[in-house]
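For reference, the chains in residue letters:
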Amino acid sequence: MAFLAGIFGMIGRFAGRVLTTTLGWASSLLFGRVPQSRQVVLALITFGSVIWAALVVGIVLPDVGAFLVAAVPAPDAIDRGWIRLAMLIGALIVPAVVGATTLFVLDPANRPAGRALVGQVLRGYPLCAALAVTLVILAVVGIVRFVHHRAIGWVDAHVPIVVHPGGYDRVVADLERALEDAGLAVERRPAPLPLAIPGRMLGRIAGPAIRALMPGRPVELVGRDLEIGLYPSDISIGGKRAIVARARAAIATRLTSTAASMTTSAEAQAVESILERLTRARVAGAEPGTAGTDLDTAGATLTDVDRRLASLDVPHDEWEILYRQRLQVERDLLAGRAPGSVATTDGTTPLTDRVDASRERTAAARRGPGPTDAIALAGFVLIALDLAVALTDLRRRR
């Protein structure tokens, strides 16, 4: 039992991460940026989708349905047939409830009325199916990959992201460049076909404009002892432990300016947008080496970011992500490089030169006087002696 509990706990933690990032990506497609105060509504939508999927499976597969009915704590006076009927009614009603719940994700001024309101409620039926299928596909692929990697001695790591509509190709190119700059040669190959289903389903729900911005099929970046899957809501890294650590560091330190968000709330993504505008301005601006000018020009923007961070009401993990990105952008600007182009081990930038010079001055001060100081002191002593002799001779003459 303890072993099974550990397995289910691992699956639950994985599913929780998948749900969080997948829901953030789905909500950005369907509703745009969702404020932190309405994130609980998204959680209710996800919960409703999972409940609906369980009800449908229980109805379609009688054995599973019998298990679910037996698991419901009901008094003996209630016939089990009524519970099955409740499951059938729930499967019909829950999607409509989910569709009605999506109204509260939208701003009051943007909520539909009349016939559009009915269409928004009916939208809950394909939305429940899309979220349920997405969860099942990603969970199954993730578990199969986890078991396969463990069998060959690999480890796994995940970097949650929310790819912007139409930005998938740019994220792939930026990720590929970051890995190659870190000394990890990779090549592209198509991801498993089932992983393209969630994007296509959500694209159909979002409409033709968003569907046209969705990637046709996700890709994977494969290298020696390394396999990275880039999905609209996750970067999955698998490989040898040391190589996975290098790849994760390259992504965390270099992928600060791309067409994706590392956070899910509207408030946090607004700060990321400011940082991204700053990085675009730097890339299109002066040549490397003009760090002071870049930083002076960006000062007001960085100050604005600091003001927002000082009072930003978001989960702590999102706040830490934003603070790390802000420091990385400032570091790269001080180094006179395009943001996201300086590796953590790069020791050839103007910034590191200044830091090294400062450290040398501090170390020299701690060591005490050196040969130059001794020569200067001897010079002062000789001058003082010369003055003393001159004054003595002057007195004797008088």
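Below is a short write-up of the structure. Quick caveat, the model's predicted, so the values are computed rather than measured. Per chain, the residues get numbers from 1 upward, laid out in the order the sequence is written. With pLDDT at 70 or above as the cut-off, local features in this predicted model cover only qualifying residues; side-chain atom pairs require 80 or more to be listed or tallied, and sums for whole chains, interfaces and linings still use all residues. For side-chain calculations, the full set of non-hydrogen atoms in the structure is used, while hydrogens and water are omitted.

**Let's talk about the pattern of salt bridges**
Within this document, salt bridges are pairs made up of a side-chain nitrogen of Lys or Arg and a carboxyl oxygen of Asp or Glu, the two lying within 4 Å of each other. For the structure shown, the criterion picks out 13 salt bridges. With its nearest N and O atoms 3.1 Å apart, the salt bridge here joins E176 to R188. On the criterion of sequence distance, the pair formed by E176 in helix α7 (residues 168-181) and R188 in strand β3 (residues 186-190) is long-range, its members being 12 residues apart. On the basis of relative accessibility, which here comes to 16%, the residue E176 falls in the buried class. Buried residues are those whose accessible area, probed at 1.4 Å on protein chains only, stays under 20% of the maximum for their type, while exposed residues exceed 50% and partly exposed ones sit between those limits. On the basis of relative accessible area, R188 is assigned to the partly exposed category, the value being 46%. A salt bridge links R326 to D306; the nearest nitrogen and oxygen atoms lie 2.6 Å apart. Within this pair, whereas R326 is found in helix α13 (residues 316-334), its partner D306 is found in helix α12 (residues 291-310), the two being separated by 20 residues in sequence. Accessibility expressed as a relative area gives 8% for R326, which makes it buried. Helix numbers and strand numbers start at the N terminus; a helix is a DSSP run of H or I with at least 4 residues, a strand a run of E with at least 2.

**Some details on the packing of aromatic side chains**
Here a pair means two rings of Phe, Tyr or Trp (six-membered ring of Trp) with centres within 6.5 Å. Their orientation is stacked below 30 degrees between planes, edge-to-face above 60, and tilted elsewhere. Considering all chains together, one arrives at one aromatic pair under this definition. Where W319 meets Y323, the ring centres are 5.3 Å apart and the plane angle is 15°; that geometry is what we call stacked. Of this pair, W319 and Y323 both sit in helix α13, separated by four residues, roughly a single helical turn.

**Things to note about the pairing of strand β1 (residues 155-159)**
Residues V155, A157 and V159 line the buried face of β1, whereas the alternating positions D156 and H158 sit on a face that is not buried. Whether two strands pair comes down to DSSP finding at least two bridges between them. Alignment of β1 against strand β6 (residues 234-239), held across five bridges, turns out to be antiparallel. Note on β6: the bridge partner recorded for V159 is I235.

**Topic: helix α10 (residues 241-254)**
To estimate the expected span of a helix, count its residues, drop one, and scale the result by 1.5 Å. The end-to-end C-alpha separation of α10 is 20 Å, in line with the 20 Å expected for 14 residues at 1.5 Å each. At its buried positions, α10 is contacted by β1, α7, β5 (226-231), β6 and α13. Contacts were defined at the residue level, with two residues in contact if any of their heavy atoms lie within 4.5 Å.

**As for the packing of helix α6 (residues 124-151) against helix α8 (residues 197-206)**
Direction vectors running N to C along α6 and α8 enclose 165°, while the axes themselves pass 9 Å from each other. With respect to α8, the axis of α6 lies roughly antiparallel. Judged by the twist between their axes, the crossing of α6 over α8 is left-handed. Facing P126, L127, A129, A130, V133, T134 and I137 of α6, the residues of α8 in contact are I197, P198, M201, L202 and I205. Residue type decides the class: Asp, Glu, Lys and Arg count as charged, Ala, Val, Leu, Ile, Met, Phe, Trp, Tyr, Cys and Pro as nonpolar, and the leftover types, Gly among them, as polar. Broken down by class, the residue content of the contact of α6 with α8 amounts to 11 nonpolar, one polar and no charged. Axis lines are fitted to C-alpha atoms, over the contacting stretch for helices. Their N-to-C directions set the angle, which ranges from 0 to 180 degrees. Our angle categories are set so that under 35 degrees counts as roughly parallel, over 145 as roughly antiparallel, 65 to 115 as roughly perpendicular, and the remainder as oblique. Should the near helix be turned anticlockwise from the far one by less than a right angle, the crossing is left-handed, and should it be turned clockwise, the crossing is right-handed.

**Focus on the nonpolar core**
The term nonpolar core refers to a set of buried residues drawn from Ala, Val, Leu, Ile, Met, Phe, Trp, Tyr and Cys, joined through side-chain atoms within 4.5 Å. Judged by nonpolar contacts, the single largest core of 27 residues is most densely connected at L175, L179, L226, I228, L230, I235 and I237. In terms of residues, this core owes the most to one element, α7, which gives five residues. Residues in contact with L175, not counting those within four places in the same chain, are L221, I228, L230, I251 and L255.

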